[in-house]
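An overview of the molecular structure
If you want the building blocks of each chain, they are given just below.
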Amino acid sequence: MKEACVCNTQYHLLITLLMLDENHPENYRIILDNQIVNADKYQLKIQELFGIEVLICDIQKIYSNWKSLSLNKTDIVMDDYISNTNKFILYNDFTNFAYYLHKNKIPFVLREDGYNYQTIYNADEYTWLDEIKMAIKRRIKGIPRHKGYSKYCVEINVNSMNGIKKDSRYSKFMAESRGYFFDNMSKSMKENLFLLFDVQPIKIKGKSALVITQPLHVHNIYVYSEKEQFDFYHQIVTILKNDGYNVYIKIHPRDKIDYSRIASVEILESQIPLELMDLLMDRSFEIGITYSSTALSFVGKVDRKIILSKTEEFSKHNRIVI
């Protein structure tokens, strides 16, 4: 019997590989969401480098519409993903894979989607009216509220218990420091991760700043179009450059905007987890800035971290102060 980890992003894949027992690859199965860029290449490389079984799943097609979801009529055969498995680990429980487990009464563990994700304010915290509307939709579709509320979610695995709300889920929470796994990874694990993600050392030039983007307009967070989002990050870059910084932009894997149109910036590879890039940089950034990305909190090689959504100047006065 195997432990199956369902990964929807490169970050999920990185954390999965770090937290497994590399001496017993036969005990694991990794299920990659086919929406991950180059999922087929990751499949081959993981099997070659780590000796772990890897399957690719078109998670969106498990239920093709709300009717098939409400009736639990899957549109793809799930046997290969479910059989010979005694434990499922998910990072997102608002996907069709999670809904399948819930509807079929299969227990699962929920790991944080991002660093300290369970403690931050984000777009899924709605007004009371939104909550009522969503509760009605969930009732019709027969799906639970996400972030661990399913009764078949038996554990919520987080980086830290600091800031965790004491609600009906509290007994499910268990903390395992992500930093511990990074600090204690073996030499072979580090080498294989570098090969898997095809990374090279990164040289940081002089006085430097890191800007981490997010696909804000997709979720109607602060901006509502690609142009507004581009202009938002362009404004941040302009402020930094006027202060004499060499600016590096780390693009979120789901952010499809072309920031190379901004003159004189360094673009970091979008498909490589920032947490891994921290191991590659030869020196620290003096400043790191993001709207609300949890990744910035984890990066060690940033001297001063600015999360705009948490600053009074930005949240109350819409001012970007660096």
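One can find the structure itself at the top, above this paragraph.
If you're wondering where the values come from, they're calculated on a predicted model, not measured in any experiment. (Residues numbered from 1 in each chain as written. Predicted model: local features only at pLDDT ≥ 70, side-chain atom pairs only at ≥ 80, totals over all residues. Heavy atoms only, no water.)

Moving on, we get to the overall build of the protein. Looking only at helices and strands, one finds 12 helices and 12 strands in the protein. Its C-alpha atoms give the protein a radius of gyration of 20 Å, near enough to 20 Å, the size a compact globule of 322 residues would have. Across its three principal directions, the C-alpha atoms of the protein cover 55 × 50 × 35 Å. Looking at the protein residue by residue over its 322 residues, the buried ones come to 51%. A distance of 5 Å separates the average location of the 42 positive side-chain charges in the protein from that of its 40 negative side-chain charges. (Helix = DSSP H or I, 4+ residues; strand = E, 2+ residues; numbered from the N terminus. Rg over C-alpha atoms; globule rule 2.2 N^0.38 Å. Buried < 20%, exposed > 50% of the residue type's maximum accessible area, 1.4 Å probe, protein only. Lys, Arg positive; Asp, Glu negative; His and termini not counted. Charge placed at Lys NZ, Arg CZ, Asp CG, Glu CD.)

Glancing now at the pairing of strand β11 (residues 285-290). Along β11, 5 of the 6 residues are buried, which leaves the element largely enclosed by surrounding structure. Pairing between strand β8 (residues 208-212) and β11: 4 bridges, direction parallel. Paired with Val211 across the bridge in β11 is Ile289. Here β11 pairs with strand β12 (residues 302-307) via 5 bridges, running parallel. When the sheet's bridge partners are listed, Ile287 is paired in β12 with Arg304. (Pairing = 2+ DSSP bridges.)

Within the secondary structure, Tyr81 is located in helix α4 (residues 79-82). Under the relative-accessibility criterion, Tyr81 is labelled buried at 13%. Sequence spacing of Tyr81 and Tyr91 is 10 residues, and the spatial spacing of their C-alpha atoms is 16 Å. Contact partners of Tyr81, with chain neighbours within four places excluded, come to Arg29, Ile31, Leu55, Ile56, Cys57, Ile76, Phe88 and Phe97. At a separation of 3.0 Å, a polar atom in the side chain of Tyr81 contacts the main-chain carbonyl oxygen of Ile56. (Contact = heavy atoms within 4.5 Å. Polar contact = N/O pair within 3.5 Å; in protein donor to acceptor, adjacent residues only side chain to side chain.)

Applying the stated criterion to the full structure yields 15 aromatic pairs. Relative to Tyr291, the ring of Phe232 lies with its centre 6.4 Å away and its plane at 75°, an arrangement referred to as edge-to-face. Of the two residues, Phe232 is situated in helix α9 (residues 226-242) and Tyr291 in the loop between β11 and α11 (295-298); the sequence distance between them amounts to 59 residues. Each member of the pair Phe232 and Tyr291 is classed as buried. Pairing Tyr291 with Phe314 gives two aromatic rings, centres 5.9 Å apart and planes at 80°, and the pair type is edge-to-face. (Phe/Tyr/Trp six-rings, centres within 6.5 Å; stacked < 30°, edge-to-face > 60°.)

Turning next to the side chain of Gln229. Within the secondary structure, Gln229 is located in helix α9. On the basis of relative accessible area, Gln229 is assigned to the buried category, the value being 0%. A polar contact is formed between the side chain of Gln229 and the backbone nitrogen of Leu216, at a distance of 3.0 Å. If we ignore the near neighbours within four places in the chain, the residues touching Gln229 are Gln214, Pro215, Leu216, His217, Val223, Asp255, Ile257 and Tyr259.

Glancing now at the sheet that holds strand β5 (residues 108-111). Overall, parallel pairing links the 7 strands, which are arranged β3-β2-β1-β4-β5-β6-β7 in an open sheet. Bordering the open sheet on either side are β3 (53-57) and β7 (173-175), each of which pairs with just one other strand. When strand polarity is set aside, the average angle formed by the axes of neighbouring strands in this sheet is 25°. Looking at chain direction, strand β1 (residues 2-7) and strand β2 (residues 28-33) are connected through 5 bridges and run parallel. Residue pairing for β2: Ala4 is matched across the bridge by Arg29. Against the sheet, helix α2 (residues 39-50) touches β2 and β3, its axis set at about 170° to β3. Sheet strands in contact with helix α5 (residues 96-103) are β1, β2, β3, β4 (85-90) and β5, and its direction is about 135° off that of β4. (Axes fitted to C-alpha atoms, helices over the stretch in contact; angles between N-to-C directions.)

On to unusual backbone geometry, then. The backbone phi angle of Lys105 is positive, close to 60°, even though this residue is not glycine. Tracing the sequence through the fold places Lys105 in the loop between α5 and β5. A relative accessible area of 59% places Lys105 in the exposed class. Look at Tyr222: it is not a glycine, yet its phi comes out positive at around 70°. Mapped onto the fold, Tyr222 is located in the loop between β8 and α9.

So, on to the nonpolar core. Note that soluble globular proteins tend to have their nonpolar side chains buried in a common cluster. Ranked by size, the top nonpolar core spans 48 residues in total, and within it Leu13, Leu17, Ile30, Ile46, Leu193 and Phe197 carry the most contacts. Per-element accounting of this core gives the leading share, 7 residues, to helix α1 (residues 10-19). Contact partners of Leu193, with chain neighbours within four places excluded, come to Leu14, Leu17, Leu18, Phe50, Met185 and Leu276. (Core = buried A, V, L, I, M, F, W, Y, C linked by side-chain atoms within 4.5 Å.)

Sheet strands pair by backbone hydrogen bonding; their relative direction is either parallel or antiparallel. Overall, parallel pairing links the 5 strands, which are arranged β10-β9-β8-β11-β12 in an open sheet. Bordering the open sheet on either side are β10 (266-268) and β12, each of which pairs with just one other strand. Across the sheet, the axes of successive neighbouring strands diverge by a mean angle of 20°, strand direction being ignored. Note that strand β9 (residues 246-250) and β10 share 3 bridges and pair parallel. Paired with Tyr248 across the two strands is Glu266, which belongs to β10. Relative to the sheet, α9 contacts β8, β9 and β11, its axis offset from that of β8 by approximately 170°.

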